[in-house]
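The primary structure of each chain is shown beneath.
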Amino acid sequence: MKKLIFALSLFVAISVFLCSCTATREIDEQSIVSAIGFDWSDRLTVTVEVLTVDIDRKYVSTRTFTASGTDIESAFNSLNKKLPKRLFYDHCAAIIISADTDEKHLKKLLYTCIDEPTINLSTPVVFTDDIALLLSCSHESAAVGYDIMEVLRHNKKEEQSRLYKAARQTKNILTFKNRNDKAALK
Amino acid sequence: MENKNISFYKTKNLSGKLSADTETIKEIFKKDGMFRSRKFSVGKTIPAALFFFDGMVDSLSLSESIMKPLCSALIDKRAENENILSLIEQNYIFAGELKKTDNLAEMLEGIMYGDTLLLINGYKEAFVINTKGFKIRSVEEPPNERVALGPREGFCESITVNTSLLRRKLQTPDFCTEMICCGRRTGTRIALCYLSSLADSSLVEEVKKRIAKIDIDGVLDTNYISESIRDKNLGIFKTLGTTERPDVVAARLLEGRVALLCDGSPSAITAPFLFSENFQTDDDYYLNFFVGSLGRVLRILSFFIACFFTGIYVSLVTFHAGLLPTNSALAVFRLRAAAPSSTLTESLLLIMAFEVLKEACSKAPHDTVTALGIVGGLVLGDAAVNSDTISAPTLIIVALSGICSIMLPRIRGPIFFINLLSTVSAGLFGLFGVFSVGIFVTLYILNLTSFGIDYTEMLFSPSFQNIKDVLFRASWKNMIIRPPFNKNKRRQK
């Protein structure tokens, strides 16, 4: 009996350890990121559009949070301090990068994105002139991150909308085939 | 003589003196207020006595078939000893069935089973006369096995009526009914039924051997036997079939199985029993085979939903939210925003609440079940969601699993345990936990046997003839082969 209890305890302990069940993350305990923007001129400015639920739980709306730092790590540390919940990138619909980011910083950013396991590889990378303009269009759209690709691909929105105007500034769209697709970065 | 069961009297005989023997029998039943004895004289000259239990015998039959002819019989003491008993047996007892015995245990068994014991002065032998007249429930449709079309009769609590229902369906000399007594203190009669040309003789012998090993005080239902003779005593899956319908038993006997009927129980056991039978219903065979097959596919699907759907939901929301489609993730995110407890806690609470509701509905008086369902399901469910106690997605998922489990009444117990286990594992280990439980359950089912036959026999067979009544129900024209565990495999040309 003692052997059985020992074996069962060992099984549970190993299972817990292997599948890191201590790191349980309920969906509602995280901030779902719909879009993330990087603007690296002098300092790196990270802007995230996260989904929030209104008090009646009838609608999902968005809020944007911005933080800056000298490098990627410090920018994200600063951003995380501003947010009450942990960021959840699995449903991120667009990575928006400032078009005037220099090549060295751009590579760093793209390598970070491609190496981050929680970011979906099918998430397109959009280059634009004005990230602030783009992500400030949330009052026109449920979530800019989810709508921008629709606008770019199908041109569905009215031409007068700010989102359309902001999207028109898009220079290029990049997608990765897999996590080793370093060629796309060149 | 108190605290002695029937086996104590197996070696005892009567003395042949009526007064002494009467005292012996009265002494045995002295504490039973319903025991009756009646002294009289056969042909006004030979003292005799009748013993029976009030309420167990048919009083009309007692007076018309025994008392009347014996009292008016033309027999006197001068007749030869042997002749008197033979004369009475052949000419003066009008009952359909009687047994002459000198064994006290057989006499007592007869009295306790509604027969009347006739003692005649000067003889150690006595007559046990069939005068059974106790009330039994009429043949009705079993409430748990209703069908849209097909026979509406079900077993009742009398073994004689139940065997007659089978005999009426199987009018062949092939049909065998062997009576076995079981239970130290109840002496319950068990009928072992089979078709001798189809049932494997080794299976019949094995059933008899296992029944002979049963050594318990009483057998009050077939489940007492079922739990005692099954292959694995502690398993959660039933490896013996149970039904209250004679047509189902007849159909299984025609496949070469054996059936056990227990006196006092309206359900029959059939063996061997396969896993695929959990998904079969009587309607499958009484409706068009397309409709029957559709129902069966739905039940198989329901099994997986009932066992693993809650677990998969918990693991997706708790560990793998990235695997949810974005729209679904957003819906869950929105609806769970105000939930006070974790998805695992919510799910476990709802599973338990659903089981309590099911149990309450099954035990509640028939006319309150609808009200209970409305209050328990609609009012409480709606109030729980509106007050943010429970999130709507969890309620929907658990309710769907619960409804699916109702579709499979034979394995409702195992489904509850698997669902509970997979949900807890999902909350602790994510999808890894759910798949681990799935693999464990699959291995467990694969290891089960029913009287030596694999529980999953025919399930993974590539042959159409083997799966024709497993994953779907083929038309009768295509049901050519019987299951592989009987002597005569070919059902039709």
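About the thresholds
Residues numbered from 1 in each chain as written. Chains lettered and ligands numbered in written order. Predicted model: local features only at pLDDT ≥ 70, side-chain atom pairs only at ≥ 80, totals over all residues. Heavy atoms only, no water. pLDDT = per-residue confidence, 0-100. Helix = DSSP H or I, 4+ residues; strand = E, 2+ residues; numbered from the N terminus. Core = buried A, V, L, I, M, F, W, Y, C linked by side-chain atoms within 4.5 Å. Buried < 20%, exposed > 50% of the residue type's maximum accessible area, 1.4 Å probe, protein only. Contact = heavy atoms within 4.5 Å. Pairing = 2+ DSSP bridges. Axes fitted to C-alpha atoms, helices over the stretch in contact; angles between N-to-C directions.

Draft legend 1. Looking closely at the confidence of the model for chain A. The predicted model of chain A averages 74 in pLDDT, with 66% of residues at 70 or higher. Looking over chain A, one finds the lowest element-wise mean pLDDT in helix α6 (residues 162-168) of chain A, namely 60, and the highest in helix α2 (residues 72-82) of chain A, namely 88.

Draft legend 2. Structural context of the nonpolar core. A:Ile27, B:Phe237, B:Phe275 and B:Phe303 are the most contacted members of the largest nonpolar core, which has 43 residues in total. Sorting the residues of this core by element identifies α10 (289-318), α11 (326-335), α14 (392-406), α15 (412-429) and α16 (431-447) of chain B as the ones contributing at least two each. Element by element, the count of residues in this core is highest for α10(B), at eight residues. Every residue in contact with B:Phe237, bar those within four places of it in the chain, is listed here: B:Arg230, B:Phe275, B:Ile411, B:Pro414, B:Ile418, B:Tyr444, B:Ile445, B:Leu448 and B:Tyr455. The next biggest cluster of nonpolar side chains, apart from the first, holds 27 residues, and it includes A:Val50, A:Ala67, A:Ile95 and A:Ile97.

Draft legend 3. Looking closely at the sheet that holds strand β6 (residues 175-182) of chain B. Residue and element names in this part refer to chain B. Spatially, β6-β7-β9-β10-β8 is the arrangement adopted by the five strands of the open sheet, whose pairing is antiparallel. Lying at the two open borders of the sheet, with one neighbouring strand each, are β6 and β8 (241-243). Geometrically, the sheet is characterised by an average inter-axis angle of 25° between neighbouring strands, direction not taken into account. Bridge count between strand β7 (residues 188-195) and strand β9 (residues 258-262): four bridges; the pairing is antiparallel.

Draft legend 4. Highlighting the environment of B:Ala250. All names here are of chain B. Residue position: Ala-250 is located in helix α8 (residues 246-253). For Ala-250, a relative accessible area of 6% puts it in the buried group. With residues up to four places along the chain from it excluded, the contact list for Ala-250 reads Leu-166, Lys-169 and Leu-170.

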